[in-house]
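Remarks on the overall topology
The chain contents come next:
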Amino acid sequence: MLDLLRKHGPLSRGELGKRCGLSRTTLYDIIAGLMASGAVVTAAQEDAAPRGRGRPAETLTLNPDAGQAIGIDFARRAVHVAAVNVAHEIVGSASEAHAADLPWEDRVELAERLVGTLTGGSLRLGALSAIGVGVVGPVGEPEGEEDGRHLDALPELLVKRFGVPVLVDNNTRLAALAESIWGAAAGGQDVLYLRLSHGVGGGLVVNGSLHRGAYGLSGEFGHITVEPGGAPCDCGGAGCLETVASIRGLLDSYRAAGGRADDVSALLAAAGAGEEAALGVLAKAGAQVGAVLAALCNAIGPSVIVIGGELAEAGPALFGPIERTLTAHILPISRHRISLRRGTLGDVAGALGGIALVLHESPLLSRYPQIPDHIDQLRQP
């Protein structure tokens, strides 16, 4: 019912019945529940034409004030938040950077403050009453850790702050979900998403469904080896893609080549100015990314590849080498069938994916696993 009202605007009960094909009794029971929760209200009928001798047919519409769905992305060095109302209208988004070692309690406090800026301090979760959260690294094992930070405590911290259920998933996988619903790959049935940021990771949409994988480990593309015996990686391996194609990896390579840059913006500015050292490190990293993408494409067969993250801002200096290497290594039959695109949702992609996880109405989530048991226990504040 909600989806029909989003797509077509205000509709009468009769129009809803024709579009959904449900029996009158079932239809009216669903509508009664939606109206009781406040998600659906009657629309004004000032200009409606009367139906015969009776009153105009009552028209139903989404209630934008029924509540808001909140998405939060706890990235490595920033918190990103987004909010939408029941009509799927984006209320707003906000981000703030922080130190990499900021404690979880402070990150949650920062998230609460940012959410407050979106809602004017009057957060109304109402009928939607849940928050979708993205975090770095695997999600799903009760004993899981990321960089020594226990993630088990995070849902409880958020429940205490917001008083609603919390759904947690990997933030790059949620970004893949968002890009496949609203972004660069909207409508795609088989999508490979890669985020190049402080870390390197991604997500897969396979046959129209977001893929989580056993133990929540799908999408760890940054830990595919590209330089055997290379630099040590935080995962415990060596020579992973993340060691050469992350922000830190690129800055290290740039400085080793004689360049000077305190952050990624300076590196990208140097590349934009045509500096040879900056272009060289981007070209090398792009070739390594392209080789990994080619191997993944040969194994998975996506129709769309989306690249997001701060390093996507490098534009042709990075995308050119990626595309050339991808074309050289991919199966010839696939060379002209795969579209390489830059992500369109920016920093808030993971937070928007968290909202999609909360609403759980996208066909991309039709076969997605339910909330892990250790998180589900925290659903009731």
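In this text, all values refer to a predicted model and were calculated from it rather than measured experimentally. (Residues numbered from 1 in each chain as written. Predicted model: local features only at pLDDT ≥ 70, side-chain atom pairs only at ≥ 80, totals over all residues. Heavy atoms only, no water.)

**Description of the packing of aromatic side chains**
For the record, the criterion: To pair, rings of Phe, Tyr and Trp, with the six-membered ring standing in for Trp, must have centres within 6.5 Å; the planes then decide the type, stacked if under 30 degrees apart, edge-to-face if over 60, and tilted in the middle. Runs of H or I in DSSP of at least four residues are treated as helices and runs of E of at least two as strands, each being numbered from the N terminus. Classification of residues uses two cut-offs on accessible area relative to the type maximum, computed with a 1.4 Å probe and protein chains only: under 20% is buried, over 50% is exposed, and between them is partly exposed. Any Lys NZ or Arg CZ that is within 6 Å of a ring centre and within 35 degrees of that ring's normal is treated as a charge sitting over the ring.
A complete count under the given rule lists 1 aromatic pair for this structure. Their ring planes at 80 degrees and their centres at 5.3 Å tell us that F74 and W104 sit as a pair that is edge-to-face. One end of the pair, F74, is in strand β4 (residues 68–74); the other, W104, is in helix α4 (residues 104–119), with 30 residues separating them in the sequence. The class of F74 is buried, set by a relative accessible area of 1%. Here the basic side chain of R13 rests over the ring of Y28, its NZ or CZ set 5.6 Å away from the ring centre.

**Thoughts on the confidence of the model for the chain**
Condition: Every residue is assigned a pLDDT by the predictor, reflecting its confidence on a scale from 0 to 100. Any two residues whose heavy atoms approach within 4.5 Å are treated as being in contact.
On average, residues of the chain carry a pLDDT of 84, and 83% of them reach 70 or more. For residues 142–149, every residue scores under 50 in pLDDT, and the model assigns this stretch 11 contacts once sequence neighbours within four places are set aside. Across residues 371–381, confidence stays below pLDDT 50; counting only partners more than four residues off in sequence or on other chains, it has 23 contacts.

**As for the pattern of salt bridges**
Put simply, the rule is: By definition here, a salt bridge exists when the distance from a side-chain nitrogen of Lys or Arg to a carboxyl oxygen of Asp or Glu is within 4 Å.
A full pass over the atoms with the stated rule returns 10 salt bridges. Between R161 and E112 there is a salt bridge; the shortest N-O distance is 2.6 Å. Taken together, the residues span a long stretch of sequence, with R161 in helix α5 (residues 153–162) and E112 in helix α4 at a distance of 49 residues. Close ionic contact of E156 with K160 constitutes a salt bridge, the shortest N to O distance being 3.9 Å. Within this pair, E156 and its partner K160 are both found in helix α5, separated by 4 residues, close to a single helical turn. On the accessibility criterion, K160 (64% relative accessible area) is exposed.

**A look at the sheet that holds strand β11 (residues 191–196)**
Just so we agree on the cut-off: Each pair of strands is called paired provided DSSP finds at least two bridges between the two strands. An axis is simply a line fitted to the C-alpha atoms; with a helix, the fit covers only the stretch in contact. Between two such axes, the angle follows the N-to-C directions and lies from 0 to 180 degrees.
Pairing is mixed across the open sheet formed by 5 strands, whose spatial order is β13-β12-β11-β14-β15. Two strands lie at the open edges of the sheet, namely β13 (209–211) and β15 (339–342), each paired on one side alone. Here the average twist between neighbouring strands, direction ignored, is 20 degrees. Note: strand β14 (residues 304–308) against β15, 4 bridges, orientation parallel. Each residue of the ladder has a partner; that of V304, found in β15, is S339.

**Regarding the sheet that holds strand β6 (residues 90–97)**
In space, the 5 strands of this open sheet follow the order β6-β5-β4-β7-β10, with mixed pairing throughout. In this open sheet, the two edge strands, each paired with only one partner strand, are β6 and β10 (166–170). Each strand axis lies, on average, 15 degrees off the axis of its neighbour in the sheet, ignoring direction. Bridge analysis of β4 against strand β5 (residues 78–85) gives 7 bridges, and the strand direction is antiparallel. Looking at β5, one finds that A69 is bridged to V84. Across the sheet, helix α6 (residues 171–181) touches β4, β7 (131–135) and β10, and the angle it forms with β10 is around 95 degrees. Sheet strands touched by helix α12 (residues 349–359): β4, β5, β6, β7 and β10. Its angle to β4, the strand with the most contacts, is close to 135 degrees.

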